[in-house]
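# Tertiary structure, described
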Amino acid sequence: MSLKIYNTLSRSKVDFEPIEPGKVRFYVCGPTVYAEAHIGHAMSALVFDIVRRYLMYSGYDVDFVMNFTDVDDKIIAKANELGEDPYELAEHYINEYKRNLEELNILPATKNPRATEDMPQIISMIETLIAKGSAYAVNGDVYYRVESKDDYGKLSGRKLASMSAGARIQVDERKDHPMDFALWKSAKPGEPAWESPWGQGRPGWHIECSAMNMTHLGEQIDIHGGGNDLIFPHHENEIAQTEAVTGKEFSRVWMHNGMLSLKAEKMSKSLGNMISVDQFLADHPADVMRLWVLNGSYRGPLIYSQEVIEQTEQAYQRLLGAKKAALPGAKGLEAAALEALNAEADKVKADFKEKMDDDFNTSGALAALYELVKAINQARAEGAKDEQLASAQAVFTELTGVLGLRLEEQKTAGGDADAFIDLLVRLRRDLRAEKNWALSDKLRDGLKDLGVILEDSKDGTTWSWE
RNA sequence: GGCGACGUGGCCAAGUGGUAAGGCAGGAGUCUGCAAAACUCUCAUCAUGGGUUCAAUUCCCAUCGUCGCCUCCA
């Protein structure tokens, strides 16, 4: 079975065939860096990290480019407000963003181009557009001529006629068409500016992605991704610009993730209910955020609420449980039962791939993994030894790894505490042998307060960090 | 007004033209000194109204509702 991906351009699932066999040119629109990352950014980044990891697992060599928009009106405004240098402000948030990505176990991009570092390519692309009649300069500004491309609007399904009719923005008389958008903006005094054939200025938002795409991945790419709020105008305009320059199809597949929504109300700056990645990670393991994203479809909305996160925490504990060792005093599994366990692992693996091949159905893939969790738990309960669980657990670790889940047992800073805890557990064993329940319970409760969970069975006690 | 998405059990959420995965929570058991974990069993007819069909939750139409975009946004 081959990989199918939902393509926004065709509004259907298509068989994925990269331009060059075995290689994937993948571009994702990164953030404009003027504030700390919130969990909506994280959702998008996680979605495309999962896509990328699965492509890699499927044997593709993935060239993954994610840009940073580091010159922009909002950055300038924020810098002025704080009395800081715009470039340094951008630099600061880029580093913060990268730190968040790392904490979320998101693989670093192959390249992280920045608008300010690709200025010559941006300018040359605008020059080409002017030369081809797709753009025009007016008093130091340059606009893209939307009417020059007859399929303008093909990604978002919009028609120029209806758009101009409903245009709400004050019409700039210097534009040929109200929907014409800026490729180059002339600089006001004091703003960051670059020298260009049209005078001092800076690039428009859309052109930088087109230019960085072309510079770092080439004229045609396989997958272009981003949030579905970027479909129009950003991606629509990227297509227009790039295809006007190259005369070729820009990206084979356009992928868009759904938006995060808070249960009761939208997360927005005006409501002041933004949740930053740092805030989330202060309270929950990174795996919980990833699992929360994996639970649903990347294309649909993702609901955030306290209840949902608590449910995800519980589900996370269940996944962790699959990696637990054999029970103390395990007698060993019969050959038939062991065979059944390993057969189940194989089945789950096939199932997992089938689901992921169907437009990254992570929810279905997760369901397969829970089947494996159950099989492993059953085997353990029936007395499987560590070495008998190993093979199925290896499959489990492999597949959860493909999804980018770490599922690491909580560890102490050093391992020094272990010996002391072991000592207490042995001590408690003696207390229990004497049926001194009061003291042994006190010991268990005390350890719980310190984050150590004791679990008794008739053949002994195991412990783990909470 | 235009474009688009969605409405599945208490919550989150897959999926299919032939009566609905999984997780969380709940109920009943097993195990246990108790607890925890685990295991077993249990818990929906898919917004509403029409239509197409031998058969629809799945296709079509309408209605109601929710949401996104159309201005910066992952």
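This text goes with the structure placed above it.
The notes below deal with the structure included here. (Residues numbered from 1 in each chain as written. Chains lettered and ligands numbered in written order. Predicted model: local features only at pLDDT ≥ 70, side-chain atom pairs only at ≥ 80, totals over all residues. Heavy atoms only, no water.)

## What about the sheet that holds strand β9 (residues 221–227)?
Two strands in a sheet stick together by hydrogen bonds in their backbones, pointing the same way (parallel) or opposite ways (antiparallel). In plain terms, the rule: DSSP calls a pair of strands paired once it identifies at least 2 bridges connecting them. Helix and strand definitions follow DSSP, with helices as H or I runs of at least four residues and strands as E runs of at least two, each counted in order from the N terminus. The angle between two axes is taken between their N-to-C directions and runs from 0 to 180 degrees, where each axis is a line fitted to C-alpha atoms and a helix contributes only its stretch in contact.
Pairing in this open sheet of four strands is parallel, and the strands run β4-β3-β9-β10 from one edge to the other. Each edge of the open sheet carries a strand with a single partner, namely β4 (61–66) and β10 (251–257). Geometrically, the sheet is characterised by an average inter-axis angle of 20° between neighbouring strands, direction not taken into account. Where strand β3 (residues 23–28) lies against β4, six bridges are found, and the strand directions are parallel. For Lys23, the partnering residue across the bridge sits in β4 and is Asp61.

## Describing the protein's contact with RNA strand B
Going by this rule: If even one non-hydrogen atom of a residue comes within 4 Å of a molecule or strand, that residue is called near it. What qualifies as a polar contact is a pair of N or O atoms within 3.5 Å, subject to a donor-acceptor requirement within protein and to the restriction that residues adjacent in sequence count only when both atoms come from side chains.
Close contacts around RNA strand B come from 59 residues, with Lys74, Trp205, Gly227, Leu230 and Gln378 the closest. When the atoms of RNA strand B within 4 Å of the protein are sorted by group, sugar and phosphate make up 66%. Separating a base oxygen of RNA strand B from a side-chain N or O atom of Arg432 is a distance of 3.3 Å. Arg444 is positioned such that a nitrogen or oxygen atom in its side chain is 2.6 Å from a base oxygen of RNA strand B. For the surface near RNA strand B, the secondary structure elements donating two or more residues are α1 (39–57), β9, α10 (306–321), α12 (362–381), α14 (416–433), α15 (437–449) and β13 (452–457). For the surface near RNA strand B, the element with the most residues is α12, which contributes nine residues.

## Points about the sheet that holds strand β5 (residues 135–138)
Pairing within the open sheet is antiparallel, and its four strands lie in the order β5-β6-β7-β8. The sheet is open, and its two edges are formed by β5 and β8 (201–203), each paired on a single side. Geometrically, the sheet is characterised by an average inter-axis angle of 20° between neighbouring strands, direction not taken into account. Strand direction decides the pairing type here: strand β7 (residues 181–186) and β8, joined by three bridges, are antiparallel. Counterpart to Lys185 in the pairing with β8 is Arg202.

## Topic: empty space enclosed by the protein
In plain terms, the rule: Buriedness of a pocket was judged along seven lines, with at least five required to meet protein on both sides within 12 Å; pockets are open sets of points on a 1 Å grid over the protein atoms alone, cavities are sets where a 1.4 Å probe fits but cannot get out, and lining residues have an atom within 4 Å of a point. Grid points are joined across faces, edges and corners, and a volume is the space filled by probe spheres set on the points. Three classes are used: nonpolar for Ala, Val, Leu, Ile, Met, Phe, Trp, Tyr, Cys and Pro, charged for Asp, Glu, Lys and Arg, and polar for all others, with Gly counted as polar.
Throughout the structure, instances matching the rule amount to two cavities of 30 Å³ or more. Considered as a void within the structure, the largest cavity measures approximately 60 Å³ in volume. As for the largest cavity, its lining consists of Val47, Ile50, Val51, Val293, Leu294, Gly296, Tyr298, Phe360 and Thr362. Residue assignment for the lining of the largest cavity shows that the elements contributing at least two residues are α1 and α9 (286–294). At three residues, α1 tops the list of elements feeding residues into the lining of the largest cavity. Its boundaries defined by the atoms lining it, the second largest cavity holds a volume of some 40 Å³. For the second largest cavity, the full set of lining residues is Ala37, His41, Ala42, Tyr97, Asn100, Leu101, Leu104 and Val277. For the lining of the second largest cavity, the secondary structure elements donating two or more residues are α1 and α3 (86–103). Looking at the lining of the second largest cavity element by element, the count peaks at three residues for α3. Looking at the lining of the second largest cavity, its residues break down into six nonpolar, two polar and no charged.

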